[in-house]
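Understanding the architecture of this molecule
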Amino acid sequence: MAWLEITIDTKSDRINSVVTRLTGKGFSDLVIEDQEEFEEFLEGNRDYWDYIDEDFQQRLQGLSRVKIYLEDTDTAGLARLESAAQELGLPLNV
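Below you will find a few notes about this structure. Note on numbering: residues in each chain are counted from 1, in written sequence order. In view of the model being predicted, local features appear only for residues whose pLDDT reaches at least 70, and side-chain atom pairs are presented and counted only at 80 or more, with totals across whole chains, interfaces and linings using the full set of residues. Values reported for side chains reflect all heavy atoms of the structure, with hydrogen atoms and water molecules removed beforehand.

1. Notes on the overall build of the chain
For clarity, the threshold we go by: Segments assigned H or I by DSSP are reported as helices when at least four residues long, segments assigned E as strands when at least two residues long, and all are numbered from the N terminus. Think of it in three bands: with a 1.4 Å probe and only protein chains considered, a residue is buried below 20% of the maximum accessible area for its type, exposed above 50%, and partly exposed in between. Here the Shrake-Rupley method, with its probe set to 1.4 Å, supplies the accessible areas, and only the displayed protein chains count as covering residues. The charge count treats Lys and Arg as positive and Asp and Glu as negative. His and the chain ends do not count. For the purpose of locating charges, the reference atoms are NZ of Lys, CZ of Arg, CG of Asp and CD of Glu.
Scanning the chain for helices and strands turns up four helices and four strands. Order of helices (α) and strands (β) in the chain, N terminus to C terminus: β-α-β-α-α-β-α-β. Oriented by its inertia axes, the alpha-carbon framework of the chain measures out at about 45 × 30 × 20 Å. Evaluated residue by residue, the chain yields a buried proportion of 29% over its 94 residues. For the chain, the computed accessible surface area is about 6400 Å², with 47% contributed by carbon and sulfur atoms. Of the side chains in the chain, 9 bear a positive and 21 a negative charge, and the two mean positions are spaced by 7 Å.

Okay, here's the thing in structure tokens:
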């Protein structure tokens with residue numbers, strides 16, 4: 001079985017509205033990557049890390065996203081997802 005990884009890029013302050021819209025459309029298995037949570041994690045665990053990749057940290061700057069995985073044959077799910085992204089005014093990255 002093949003899977004599609006679909007990413008919706010957004011701002012950290014819009015994560016909740018994106019997740020609410022997606023769960024309202026029937027999507028439940030979401031992967032949330034929030035740059036602000038990453039920064040909070042780093043600050044809260046400073047004693048436990050020796051090195052943070054600055055390039056990686058720069059790539060995450062201001063970026064938050066929600067990832068969804070669909071079977072590549074799930075055309076109905078992809079249509080629901082496209083509709084939700086359009087309602088939010090956010091592009092999908094497949």
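2. Describing the packing of helix α1 (residues 15-24) against helix α4 (residues 75-88)
Definition in use: Geometry is summarised by axes, namely lines fitted to C-alpha atoms with helices restricted to the contacting stretch, and by angles between N-to-C directions that run from 0 to 180 degrees. Left-handed describes a crossing in which the near helix is turned anticlockwise from the far one by less than a right angle; the clockwise case is right-handed. The contact rule is simple, with two residues in contact once any of their heavy atoms fall within 4.5 Å.
As a packed pair, α1 and α4 sit with axes 10 Å apart at the nearest point and diverge in direction by 145 degrees. For the crossing formed where α1 meets α4, the hand is right-handed. Judged by residue contacts, Ser17, Val18, Arg21 and Leu22 of α1 engage Leu81, Ala84, Glu87 and Leu88 from α4.

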